[in-house]
Amino acid sequence: MKVVLQNLTKKFPNRDKKIKGEVIAVNDFTFEIPDGKLIGLLGPSGCGKSTTLNLISGLQKPTSGQIFFGDDDVTNLPPENRGVGLVFQNYALYPHLTVRKNITFPLENLKGKDKLTKEEMNQKALEAAKLVQIDELMERKPSELSGGQQQRVAIARALVKMPRVLLLDEPLSNLDARLRLQTREEIRRIQKETQITTIFVTHDQEEAMSISDMIVVMKDGVMHQMGKPQEVYDNPINLFVATFLGTPPINVFDGYVKNSTLYIGEEAVLAVEGVKDQDVYVGVRPEGFILDENGPFSCDLSRVEIMGRDISVVSTHALSHNPTVRSIISAENHINVGSEKVRFALKPYKTLIFNKETEERIYFEAD
Amino acid sequence: MMKKLSNSSLKGWLYLLPAILFLGAFMVYPLIDVFIYSFEEGYNSASQTYFGVGTYNYSYVLHDPYFLQAVKNTFLLVIITVPLSTIIALLISVGLNSITALRNFLQTVYFLPYVTNTLAVGLVFMILFKKTAYSDGFINLIIMWFGGGAIDFIDGPYWAKMFVLCFYTIWVVMPFKILILTTALASVNQDYYNAAKVDGTSKFRIFRKITLPMISPMIFYLVITGFIGAFKAYSDVVAIFGTDLNAAEMNTIVGYVYDMLYGDSGGYPSYASAAAIILFAIILTITCINLLISKKNVHY
């Protein structure tokens, strides 16, 4: 089921009554989520991700705009008629019911011709439980389960009605690091098996990048960029998207362009064809540095961190926005730790420049 | 040889000492004393003498028509008011919880009886219900306006008096229950309701399957304290019907105990003690039954 959001806007009245006006949680969203894909809604906290999810689920009504599931306009449908499954951040499992009862709960609400017999319900619950591999735990109470198991029960409960769209609100935030890795693979597998269009919300860019077919990057209620994770990472459209994606984060410097050459300070670091003379922000991904004794760009070396496969060179630069400049180079390089200066050449396609006023990306021809 | 008390456990006992002393002197000792009195026949508190030891006090109390009347009144009061007040309080709390406008105002209004003196409220009830030579009372005016005959609720038939007492008791215990239940309802995580809403759960089913189990510990607490409170009813009855409760057929068990000690027929601490012990046994039994039932239906 493809999901289309059209000019979707949600405003809330300001909490503080002394301040007039409204808070715009979601501002004029328009995007289309293709059928059967796993989409990550990504942004810093408070950017309107969860509100977007609530609008899609129907728990909140948009101020304006429309939502389509396939060709159906569901904007004014109550949640139960939309065919959505929702997994809450805290799972919201009913603590007084067993796992089985929790999973069959949505089925027991069916009325009329959809009404199921007890056997059918148990059958469906078992299928959903098998899918998330908790069929051994059916008679337990949620309090007797681990966080990861509770998460699976919540997913099974959301899936048991075979929703058209599955929504997950920060599904991994309550799990420890190891379980998080495991569960995100699990979510990916379940989504692949069921082929249900799935939208999940997260503030963890690594999480979103690793399992999503597409990511949507948001900030302050505005959608900044949507695309395949690698594309968004390689080609961010503005400074925010560039800095938000990637660990370690992109290194940002003050720079300027003169005569089609990019300068950071006095050093001419890169040829940029077709860019007008102007002040710019220069973003260099950590993997965009090449260790080169004759390289054009010099930094003050702080230390070298050896991580086995890679070496992380930590240095400082007067024009850097980050306190340190972090570059990741292959461990095959030898680095002379004794020297105070370290020199780099920059990879053109890992170096991004942005307009100083609008922070929009400035594209240039790489050699 | 006893193990030497460690320093920290000595300290613990030291902290507990004041509470132990006070509870021992003013609760445990009197309780034991009452228990002993109840077996001492014909105890005279002035001369501190008694004729003998046995179960005659119990036998007397259990055959006393006034006591039986008091037991009947108390049980009726308990059976009628505890469930009714809890259910009504639950309905009002759910209502309060689902509105936003006027909520704080109404919460205050519902809480007012709690801070009002019992005797003052009783007086108001008497004025509302009492029929005198000069006035029929406010309630009777309403009944007559609907075409009914005037009833004397204070000195009239038994059922009418019982009605006033139950009405009054429910009204008086309501604020506390509403306070507890609105708090309990507000503390249920909204996500449970959202989850149920996404699944298309009907309002009634949400209430029965989610709200009730979630607040069941609080309901249980109210039922237990409600039972105990109603079994110990006395001042409310005095506020409406005056002190001569035996004549009004409206005595309660605690009222009977009081009468045996200080009333017109007073001066019988042995009978009073026996009646008090019987009340204690009744409350203990009921509370145990409650606890047993709660094991199945209360979800912590």
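None of the values given here were measured: they were computed from a predicted structure.

About the thresholds
- Residues numbered from 1 in each chain as written.
- Chains lettered and ligands numbered in written order.
- Predicted model: local features only at pLDDT ≥ 70, side-chain atom pairs only at ≥ 80, totals over all residues.
- Helix = DSSP H or I, 4+ residues; strand = E, 2+ residues; numbered from the N terminus.
- Expected span 1.5 Å × (residues − 1).
- Contact = placed C-beta atoms within 7 Å.
- Domains from an automatic or database assignment.
- Nonpolar A, V, L, I, M, F, W, Y, C, P; charged D, E, K, R; others polar.
- Axes fitted to C-alpha atoms, helices over the stretch in contact; angles between N-to-C directions.
- Parallel < 35°, antiparallel > 145°, perpendicular 65-115°, else oblique.
- Left-handed = near helix turned anticlockwise from the far one by under 90°.
- Pairing = 2+ DSSP bridges.
- Core = buried A, V, L, I, M, F, W, Y, C linked by C-beta atoms within 7 Å.
- Buried ≥ 20, exposed ≤ 12 C-beta atoms within 10 Å, placed from the backbone.
- pLDDT = per-residue confidence, 0-100.

**Brief notes about helix H5 (residues 177-194) of chain A**
All names here are of chain A. The end-to-end C-alpha distance of H5, which contains 18 residues, comes to 26 Å, matching closely the 26 Å that a straight helix rising 1.5 Å per residue would cover. Residues of H5 that are buried make contact with strand S3 (38-42), helix H3 (118-131), helix H4 (147-159), strand S8 (197-202) and helix H6 (205-211). Once H5 ends, the next one or two residues include glutamine 195, with phi positive near 60°.

**Section: the domain arrangement of chain A**
Accessible area lost during the coming together of the parts is what is often quoted as the interface size. Residue and element names in this part refer to chain A. Parsing chain A into structural domains produces domain 1 (3-243) and domain 2 (248-362). Domain 1 and domain 2 are separated by 38 Å when their C-alpha centres are compared. Tallying the contact residues gives 7 residues for domain 1 and 10 residues for domain 2. Looking at the side of domain 1 that touches domain 2, its residues break down into 5 nonpolar, 2 polar and no charged.

**So, the packing of helix H2 (residues 99-108) of chain A against H4(A)**
Residue and element names in this part refer to chain A. The N-to-C vectors of H2 and H4 enclose an angle of 30°; their axes lie 7 Å apart at closest approach. The pairing of H2 with H4 is recorded here as roughly parallel in orientation. Remark: the crossing between H2 and H4 carries right-handed chirality. In this structure, H2 contributes Val99, Asn102, Ile103, Phe105 and Pro106 to the contact, and H4 contributes Val153, Ala156 and Arg157. Among the residues forming the contact of H2 with H4, the class breakdown is 6 nonpolar, 1 polar and 1 charged.

**What to know about the sheet that holds strand S18 (residues 325-330) of chain A**
Residues and elements named next belong to chain A. Across the sheet, which stays open at both edges, the 5 strands sit in the order S15-S19-S16-S17-S18 with antiparallel pairing between neighbours. Every other strand in the sheet has two partners, leaving strand S15 (289-291) and S18 as the edge strands with one partner each. Across the sheet, the axes of successive neighbouring strands diverge by a mean angle of 50°, strand direction being ignored. When S15 meets strand S19 (residues 341-346), the two strands line up antiparallel, connected through 3 bridges. What sits directly across from phenylalanine 289, in S19, is leucine 346.

**Considerations on the nonpolar core**
With 148 residues, the main nonpolar core has A:Ala156, A:Leu167 and B:Ala275 as its most contacted residues. With 9 residues, helix H7 (residues 158-186) of chain B is the largest single contributor of residues to this core. Here this core spans two domains, since at least three of its residues come from each of domain 1 (3-243) and domain 2 (248-362) of chain A. The contact partners of A:Ala156, leaving out residues within four places of it in the chain, are A:Ile103, A:Ala128, A:Ala129, A:Leu131, A:Val132 and A:Ile134.

**As for the confidence of the model for chain B**
In the predicted model, chain B carries a mean pLDDT of 87, and the fraction of residues at 70 or more is 97%. Model confidence for the complex is summarised by a pTM of 0.79, with the ipTM given as 0.80.

**Observations regarding the sheet that holds strand S2 (residues 22-33) of chain A**
Across a sheet, strands are paired by hydrogen bonds formed along the backbone, either parallel or antiparallel in direction. All names here are of chain A. With antiparallel pairing, 4 strands are arranged side by side in an open sheet as S2-S1-S4-S5. In this open sheet, the two edge strands, each paired with only one partner strand, are S2 and strand S5 (72-73). Bridge count for strand S1 (residues 3-13) against S2 is 8 bridges, and the pairing is antiparallel. Within S2, the position partnered with valine 4 by the bridge is glutamate 32. Each of S1, S2 and strand S4 (64-69) touches helix H1 (residues 49-57); the most contacted strand, S2, lies at about 65° to it.

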